[in-house]
Each structure stands twice: as structure tokens, then as C-alpha cells.
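A look at the structure
These are the residues of each chain, in order.
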Amino acid sequence: NVLRAVEADQIIDVLASLLTRLEAARRCGEEPSRLSSQPEVKAQHAQVALDGKTLRGTLAHASPQQRSQHLVALYETQTGVVLAQQAVPDKGNEITLEATLLTPTQVAGRIVTADAMHTQKTCCATIHRFGGYYVLLAKANQPTLEEDLRLFFTEPPPDCRDWRQARTCAKGHGRLDIRELVASTELNEWLAAAWPGVEQVFCLQRTSFRQGQRHTQTVYGMTNLSPKH
């Protein structure tokens with residue numbers, strides 16, 4: 001669970017960085033660094049993460065048969081401050097706590113990120129209704145959505161009018177990471193009926209080179225952040 005959470009956080013960090021880069025190029029032209037100095041943009045792009053962790057035998061005096069406890073928290077990614085936290089009921093899961101954790105006070109004006117299990121229509125509707133912004137990935141739990149996005153980005157239609165790209169490179173610890181993001185609004189109408197507020201879909205490909213080996217990972221997702229934000 002820890003490794004999965006770390007991987008999800010890394011993907012979200014990359015998405016936030018690349019989406020900001022796209023917005024910087026659109027709004028600031030040849031001076032994209034000016035975007036970071038605009039206070040209204042900072043407020044709009046404050047990020048909170050919905051994430052679960054399982055605690056196992058954390059008390060030394062506890063019985064060896066102590067049951068593990070799964071907690072779900074909503075926290076600020078920049079400060080680490082936990083805004084809300086709940087334990088998952090015995091017969092529930094993380095999804096059942098969305099209504100408790102995703103309140104108007106915690107969501108309004110913020111970008112909410114979460115593991116792919118939260119890529120649900122009700123979650124998107126809640127965040128959108130409360131004036132927040134979701135950035136969610138499409139994986140095996142939403143096979144139809146994942147396949148639609150894969151086909152779109154693999155074979156884009158010839159008349160595609162909106163196709164925005166960004167690329168970052170990072171080198172360190174003997175590894176080179178190249179991250180490429182493509183975002184588009186072309187599927188908004190197609191997805192709108194099922195996914196409330198959708199404004200963009202994206203494809204993120206991360207290629208890593210280390211010790212002569214190449215590793216590639218591709219993920220797809222969607223957001224109700226429009227290109228205007």
C-alpha cells in the first residue's frame with residue numbers, strides 16, 4: 001500500500017507540474033515563470049489528496065491478533081496538514097467515506113487527487129458540485145473509460161483541433177526520467193453524460209533510463225480543470 005501510494009503521489013506531482021507548464025505557456029507566452037507569481041493562480045491550484053493507509057500492529061502492547069486499521073485522510077500536499085480523517089468501517093471501503101471527507105469547505109477552489117479507485121461518477125459529481133477540481137486516473141476499475149482514452153491518444157482523429165503537449169526531463173541518482181503529457185478537450189462532449197464537469201482528458205507517459213535499461217509507463221486520466229484555469 002505504501003509503495004502504491006508513493007507511486008500515485010509521484011504521478012500526481014508530474015501531472016500538476018505539466019498541466020501548470022501548459023497553462024504557463026498559454027497565459028504567459030515567452031515568460032512562463034510569471035505564472036507562479038500570480039496569487040489568484042496559486043489559490044486556484046491548491047492541491048489536496050485523498051489517500052488511504054493501513055496501520056498494522058503499531059502498539060507494542062497490542063495483541064498479536066490485533067486487526068489492522070485502514071485510515072483515509074484528506075490532506076494538503078504542500079504542507080502535509082491533514083484536513084479530515086476517518087477509519088474505514090469493517091464492512092466498508094475508502095469509497096464509502098467520500099461523502100464524509102469531501103465537504104464543500106474542504107473541496108471548494110482546490111484540486112483533489114486520489115488513487116484510481118476513486119475514479120467514480122459520484123466522486124466526480126461531488127467535487128464538481130462543491131466547486132472543486134478533480135484530477136483522476138482511469139485504470140482497470142474503469143475499463144471502458146481507460147480504453148476510450150487509450151484509443152483516442154493512440155489514434156487521434158484527423159480533425160482533432162485541440163492537442164496540447166508538455167515535456168520535462170530530470171536526471172539524478174544515475175537515472176534519467178522523461179515525462180510527456182498530452183491534454184485535449186476533444187472528448188468532453190463524448191464523456192460529459194457519464195463524467196460530470198469533465199473539461200480535459202490527458203495521457204502521461206514516463207520513460208526512465210537506468211543502467212542501460214529503459215522502462216516506460218503510460219497512464220490516462222481526466223479533469224474538470226479547463227484550459228482557462
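For the structure, see preceding data.
What counts, and where the lines are drawn
Residues numbered from 1 in each chain as written. Predicted model: local features only at pLDDT ≥ 70, side-chain atom pairs only at ≥ 80, totals over all residues. Heavy atoms only, no water. Core = buried A, V, L, I, M, F, W, Y, C linked by side-chain atoms within 4.5 Å. Buried < 20%, exposed > 50% of the residue type's maximum accessible area, 1.4 Å probe, protein only. Helix = DSSP H or I, 4+ residues; strand = E, 2+ residues; numbered from the N terminus. Contact = heavy atoms within 4.5 Å. Pairing = 2+ DSSP bridges. Axes fitted to C-alpha atoms, helices over the stretch in contact; angles between N-to-C directions.

With that settled, consider the nonpolar core. The biggest cluster of nonpolar side chains holds 31 residues, and the ones touching the most others in it are Leu 149, Leu 191, Val 201 and Met 222. Sorting the residues of this core by element identifies β1 (47-55), β2 (69-76), β4 (111-114), α5 (121-129), β5 (133-138), α6 (143-154), β8 (200-210) and β9 (213-223) as the ones contributing at least two each. When near neighbours in sequence (up to four residues on either side) are disregarded, Met 222 contacts Thr 119, Cys 124, Tyr 134, Val 135, Leu 136, Leu 145, Trp 195, Val 198, Gln 200, Val 201 and Phe 202.

Bringing the sheet that holds β2 into the picture now. Pairing between the strands of a sheet is mediated by backbone hydrogen bonds and can be parallel or antiparallel. Within the open sheet, the 9 strands sit side by side as β3-β2-β1-β4-β5-β9-β8-β7-β6. Their pairing is mixed. A single partner strand is all that each edge strand has here, and the edge strands are β3 (82-87) and β6 (164-172). Neighbouring strand axes in the sheet, compared pairwise and without regard to direction, differ in orientation by 20° on average. For β5 and β9, the ladder comprises 4 bridges, and the chain directions are antiparallel. In the sheet register, Val 135 faces β9, and the bridge partner there is Thr 223.

With that settled, the discussion passes to unusual backbone geometry. Phi at His 173 takes a positive value of approximately 55°, unusual for a residue other than glycine. Along the chain, His 173 turns up in the loop between β6 and β7 (175-184). Exposure remark for His 173: the relative accessible area of 82% places this residue in the exposed category. Positive phi values are uncommon outside glycine, yet Gln 211 reaches one of about 50°. Take Gln 211: it is sitting in the loop between β8 and β9. Classification of Gln 211 by relative accessible area gives exposed; the value is 74%.

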